[in-house]
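The residues making up each chain are set out below.
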Amino acid sequence: MRAARRSLLLALSAALLCAQGPASVDPLNPTCPKAPDWSANKIMALKVVDKGGTKVLLAEGPIDQTLPDRLKKALADNPDIAEIWLRSPGGNARAGNAAGRMIRSAPGLVTRIPAGWTCFSACNFVFMGGQLRVVEPGGNFMVHMFTMTNDRDAIDQSVALGTDTTVELIGDIEQESALLASEDNDFLIRMGVSRKLLTDIMYKQKAVASSGGGDKSTRRCLSQDEVFQYNVANVRE
C-alpha cells in the first residue's frame, strides 16, 4: 500500500512537470534551470492537501524568521502529515536550520522535492530535516556558497573611513562566516548527510559572480547520482 501511494505521488508530480514544459538551462549555472520554480510567494506558505490518499504539507516560498513557529503549529494541528513538499529560493539561514531540526523530531516524516521544483539555499536545510528524503528526477536541490558581504554600501563606507574600519569589518565577516560554517557542519552530521557536500560542492561555489572572464557560476544543482552519493536523498522511487 505504501509503495502504491509513493508511485501515485511520483506520477502526480511527473504530470506537473510535463504540464510546465521542459526547463531551459541557465547558461551561467549550467547544472541548473534558467528559471527555477521556487514559487512567487512573498514568504513560505504552508498548505495541507491530500495527494492520492496521503496528507501532504506544501511548503512554498521564501523562508523568514516566522517559519519555525508556523511549521510547528502546522505539524501539531495535522499529526497525520506524511510528507512535506518543498520549493523555495531560500531566505533566513538560521530559521531554515531550526525548521529542519523540527522536521527531524517527527519520526518517519518524508521531505520531497517534486519534479520541476527547486529547493535552494536555506531550503536545503529544511529539506535535510526529513528522516526520509526524496529528490525526484527533475527536482532541483540547488546549493551555493553563503556570503556575509551582501551589503555593498556598508563595505564602501568602511573603505572610505580608512584601513582600521575596513580591517574591523573583515574581522566581523570572518567570525560570522566561521560560525555559520560550523553550524552547517554540525547540522549535516546530525541529519546524516555527508559533510563532503560542503567541501566538495557548496563551498566550492563562488559567493559572488566574477566580474572578469572565466567561470561565473554561483549555483550548483546536484545530479541524481550526487544526491545519493552525499546522502542528501535516501529514498529511491
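Here's what I pulled together on the structure shown here. For clarity, every value in this text was computed on a predicted model and none was experimentally measured.

**Describing the overall build of the protein**
Summing up its helical and strand segments, the protein has eight helices and eight strands in all. Out of the 237 residues belonging to the protein, those deemed buried represent 42%. The long-range share in the protein, meaning contacts at least 24 apart out of those at least 6 apart in sequence, stands at 66%.

**Thoughts on the state of the cysteines**
Here, the word disulfide means a covalent bond between the sulfur atoms of two cysteines. Evaluation of the coordinates by the stated rule reveals two disulfides. Through a disulfide, Cys32 is tied to Cys221; the S-S separation comes to 2.3 Å. Here the S-S torsion is close to 120 degrees, and the disulfide linking Cys32 with Cys221 is therefore right-handed. Taken as a pair, Cys32 in the loop between helix H1 (2-20) and strand S1 (45-51) and Cys221 in strand S8 (residues 220-221) lie far apart in primary sequence, 189 residues in all. We classify Cys32 as buried; its relative accessible area is 3%. Among the residues examined, Cys221 registers a relative accessible area of 4% and is labelled buried.

**Details of the sheet that holds strand S7 (residues 140-143)**
Spatially, the three strands line up as an open sheet ordered S5-S7-S8, and their pairing is mixed. What marks the edges here is a single partner per strand, and that holds for strand S5 (118-120) and S8. Across three bridges, the pairing between S5 and S7 is parallel. Bridged to Thr118 within S7 is Asn140.

**Some remarks on unusual backbone geometry**
Working note: non-glycine residues mostly have negative phi, and peptide bonds are mostly trans. For Ser39, which is not glycine, the phi dihedral falls at a positive 80 degrees. On the accessibility criterion, Ser39 (16% relative accessible area) is buried. Unlike most non-glycine residues, Asn231 shows phi in positive territory, near 60 degrees. Tracing the chain through its elements places Asn231 in the segment after helix H8 (224-229).

**Some remarks on the pairing of strand S4 (residues 110-113)**
Every other side chain in a regular strand lies on the same face of the sheet, so the side chains alternate between the two faces. A two-sided burial pattern is seen for S4, the buried positions comprising Val110 and Arg112 on one face and Thr111 and Ile113 on the other. Pairing of strand S3 (residues 83-87) with S4 involves three bridges; the strand directions are parallel. The residue of S4 that forms the bridge with Ile84 is Thr111. At this point the chain moves from S3, through helix H3 (residues 93-104), to the parallel S4, and the crossover so formed is right-handed. Across four bridges, S4 lies against strand S6 (residues 132-135) in parallel orientation. Bridge pairing in S6 links Ile113 to Val135.

**Topic: the sheet that holds S6**
Here we have five strands laid out as an open sheet, ordered S1-S2-S3-S4-S6, and mixed in their pairing. Strands at the two margins of the open sheet, each flanked by one partner only, are S1 and S6. With direction set aside, neighbouring strand axes in the sheet form an average angle of 25 degrees. The sheet contacts of helix H2 (residues 67-77) involve S1, strand S2 (54-60) and S3, and relative to S1 the element is tilted by about 30 degrees.

**Looking at the packing of aromatic side chains**
Under the definition given, this model contains four aromatic pairs. Pairing Trp38 with Phe120 gives two aromatic rings, centres 5.7 Å apart and planes at 20 degrees, and the pair type is stacked. Linking Trp38 in the loop between H1 and S1 with Phe120 in strand S5, this pair joins segments that are 82 residues apart in sequence. Exposure class is identical for Trp38 and Phe120. Each is buried. For the pair Phe125 and Phe187, a centre-to-centre distance of 5.3 Å together with 65 degrees between the ring planes defines the contact as edge-to-face. Here the residue Phe125 occupies a position in helix H4 (residues 122-127), and Phe187 occupies one in helix H6 (residues 163-191), the gap between them amounting to 62 residues. With a relative accessible area of 3%, Phe187 lands in the buried category.

**Description of H3**
Helix length check: H3 (12 residues) gives 17 Å between terminal C-alpha atoms against 16 Å at 1.5 Å per residue, within 8%. Among all positions of H3, only Ala95, Gly96, Asn97, Ala99, Gly100, Met102 and Ile103 are buried. The opening residue of H3 is Asn92, an N-cap whose side-chain oxygen sits 3.2 Å from the backbone nitrogen of Arg94.

How each quantity is defined
- Residues numbered from 1 in each chain as written.
- Predicted model: local features only at pLDDT ≥ 70, side-chain atom pairs only at ≥ 80, totals over all residues.
- Heavy atoms only, no water.
- Helix = DSSP H or I, 4+ residues; strand = E, 2+ residues; numbered from the N terminus.
- Buried < 20%, exposed > 50% of the residue type's maximum accessible area, 1.4 Å probe, protein only.
- Contact = heavy atoms within 4.5 Å.
- Disulfide = S-S within 2.5 Å.
- Pairing = 2+ DSSP bridges.
- Right-handed = clockwise from strand over helix to strand, strands pointing away.
- Axes fitted to C-alpha atoms, helices over the stretch in contact; angles between N-to-C directions.
- Phe/Tyr/Trp six-rings, centres within 6.5 Å; stacked < 30°, edge-to-face > 60°.
- Expected span 1.5 Å × (residues − 1).
- Polar contact = N/O pair within 3.5 Å; in protein donor to acceptor, adjacent residues only side chain to side chain.

Function-wise, these values are silent; they only describe arrangement.
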